[in-house]
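Below, each chain spelled out in residue letters.
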Amino acid sequence: MATDASIEELSKDIRSAIAKLKERPEIEEVGVVTRVGDGVAWIYGLTRCGFSEMLEIETVEGDLIPAFAFNLGEDEIGAVLLGDDLAIKAGATARLTGKVLEVPVGPELVGRVVNPLGQALDGRGAIKAKTTSRVERNAPGVLDRQSVKEPLMTGLTAIDAMVPIGRGQRELIIGDRQTGKTAIALDTMINQHRQGTGVINIYVAIGQKLSKVARLVDRLKREGVMDQTIVVATSAADAASLQYLAPYAATAMGEYFRDNKQHALIIYDDLTKHAAAYRQMSLLLRRPPGREAYPGDVFYLHSRLLERASKMNDELGGGSLTALPIIETQAGDISAYIPTNVISITDGQIFVETNLFYQGIRPAISVGLSVSRVGSSAQTKAVKSVAKSLRIDLAQFRELAAFSQFSTDLDPETRQRIERGQRITELLKQPQYTPRATWEMYASLLAATSGCFDAASIDKIKLAEANLLRELKHDHPKEVAAINKGDEPNDKVKEMIKKMATKIAQSYKPEEKQTEPSNTTGAKA
Amino acid sequence: MKAPRRDLAIVIAEATLHEQSPTRLAQSIAAYLLAERRTAELEPLLRDIMQYRLEHGIIEAEVVSARELPARIEQEIKNLLSDSYPHTKHVGINQRQDEHLVGGVVVHLPNEQLDDSVRGRLNRFKQLIAAEG
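Calculation notes
- Residues numbered from 1 in each chain as written.
- Chains lettered and ligands numbered in written order.
- Predicted model: local features only at pLDDT ≥ 70, side-chain atom pairs only at ≥ 80, totals over all residues.
- Heavy atoms only, no water.
- 1 Å grid on protein atoms, 1.4 Å probe; cavity = no way out; pocket = protein on both sides within 12 Å on 5 of 7 lines; lining within 4 Å.
- Points joined across faces, edges and corners; volume = space filled by probe spheres on them.
- Helix = DSSP H or I, 4+ residues; strand = E, 2+ residues; numbered from the N terminus.
- Nonpolar A, V, L, I, M, F, W, Y, C, P; charged D, E, K, R; others polar.
- Pairing = 2+ DSSP bridges.
- Contact = heavy atoms within 4.5 Å.
- Axes fitted to C-alpha atoms, helices over the stretch in contact; angles between N-to-C directions.
- Buried area = accessible area lost by both parts, 1.4 Å probe.
- Salt bridge = Lys/Arg side-chain N within 4 Å of Asp/Glu carboxyl O.

Residues and elements named next belong to chain A. In the structure shown here, the tally under the stated rule is two cavities of 30 Å³ or more. As a volume, the largest cavity reaches approximately 60 Å³. Forming the boundary of the largest cavity are ten residues, of which Ala158, Ile361, Pro363, Ile365 and Leu428 lie nearest the centre. When residues of the lining of the largest cavity are traced back to their parent elements, those giving at least two are α2 (157-162) and α12 (412-428). Here the residues of the lining of the largest cavity are counted per class, giving eight nonpolar, one polar and one charged. The volume enclosed by the second largest cavity comes to roughly 40 Å³. Every residue along the wall of the second largest cavity is listed here: Pro151, Leu152, Met153, Asp160, Pro164, Ile165, Ala378, Gln379, Thr380 and Val383. Of the residues that constitute the lining of the second largest cavity, the class distribution is seven nonpolar, two polar and one charged.

A word on the sheet that holds strand β16 (residues 371-372) of chain A. All names here are of chain A. Across the sheet, which stays open at both edges, the eight strands sit in the order β8-β12-β11-β13-β14-β10-β15-β16 with mixed pairing between neighbours. This sheet does not close on itself; its edge strands, each paired only once, are β8 (113-114) and β16. Relative to strand β14 (residues 320-328), strand β10 (residues 172-175) runs parallel, the two sharing three bridges. Within the sheet, the bridge partner assigned to Ile173 lies in β14 and is Ile326. Strands β11 (200-208), β13 (263-269) and β14 of the sheet are contacted by helix α6 (residues 271-284), whose axis makes an angle of about 75 degrees with β14.

Counting from both sides, the interface comprises 22 residues of chain B and, opposite them, 22 residues of chain A. Taking both sides of the interface into account, the surface hidden between chain B and chain A amounts to around 2,000 Å²; carbon and sulfur atoms contribute 46%. Per-residue buried area on chain B facing chain A is highest for Asn111, Gln113 and Gln127 of chain B; these three make up 30% of the total on that side. Between chain B and chain A we count one salt bridge in total. For the salt bridge of Asp63 of chain A with Lys126 of chain B, the shortest nitrogen-to-oxygen distance reads 3.3 Å.

So this is what it looks like as structure tokens:
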């Protein structure tokens, strides 16, 4: 091929070869479904199939059911179906796609309710996302991260003061059924909207009742939070495979914001059901059962998921993905298999107790068992300054309250400690859907911990607090705005709040007959 | 210990390449599968054998068509398979009719398939439309 003419000939040959190849029918690698049922298909052939590779199985009607390879055996492949297994018959053709599962990601998903495959469930048309991302991705490495340093305010005083959460942290919410776990998560989402933090919320419903998801979405819409929220929903009626995929798919959606210099909050509701879905899949695929019939890699199931929540370093934009996994315990047993696994993976836990819940202490947070391992470095200075002694005060109060049950004759100091503990407990009660701003938490806690509210009756302390907050907001908007930025106010402002609180407390004094120390029921906080 | 199916297939496939009496070989395999209670594995076992033979130059394809194929088309399919698999020594074709295909052919190999039927094309069209949403 030394001359120009030969290049021209070569070009012609290539073009004609391309045309011929295009005309030529393509022989493709296929497998045959040998058995199918319970959301699992066993496939003969497809020897080049990779782990977790997506497959397409043709139904009798010619439709395609997606599946992913989960068991690569010597003789056959165990694939988990992502669609209706009744549509597939033995003998059906299975094809490799050469891809691993991807979901649409990006701002187009915000405000939508989707399934784990990124398909719309809200009847508002298909999602036209420009980008997709792998459902299973490696967590960022050590050098890609930085320490948690910015607060993620939940708006719940008890949490923000005693178990603060930072952006990029993994904080577990754990407790029995019907104790307000989802309520904490929901309030946190609402607070992101009320405080204008710009944090994108991602709520993942795993095997939930669809009525509960519908109620939640409705509430989010009413609160205006849906505009910064993605809901990834799977119901108890969905295949275990979809329930298994839901948190990974949602995390991929959250990672988009994390990797684009934004902040996202992801709530996994709940990982107990996720573990159960994975157990079901594993048993159907005949993987050996271990403790409580969970497969051997159930720890890795959650550790690889939660490691994806992180605070990225400044070179990578400084975005973050904060995870609030939820675990449901049975009769408060936090030493069960899945709870202990997730406790050891996360950076702390918020333990909600049934007893407290029914005593009317809501959120029913157990101060003794709740902890945040990294959040204190991200706590705002304002809240930190008033919350320092809060845990100790409450712990001492609990001890004294328990002891005082055996004695009615208390010295004034003990009585004062118990009464202050009761006042703090009352102030930490917070109705649902009323997350608080930083200044509200600060003023309330300053008044309570410095003893300014000691004069107020316990049953009227919430009124005194409301009065204080109203007056502060009305009379001192500048100071309120300054505290809301998170900085600790100067002594002058502190004194002003204390004076105001003391004065207000005088108007809520207990009546004469109520001066005896009240019963210590509900003392545990 | 249960012999892996793939090992079994290799032994049988080797035997088919050298054994003079296919009937005796079939009887031996049947007896073995019955004794080992592995008759359910016959179908995948036969596919494994076909695959091994294909890798050794002997192709056995099942050609499904709506109507009986003329000899010319059959020869074209043989040529296509010979081109697709270098080192092919022999191509055998078993024909079967299936009216549901409407037209065209489907060539089945142990692990592969060539679907050039009207029904296959319609299905692909349907899948494309479904994917577009």
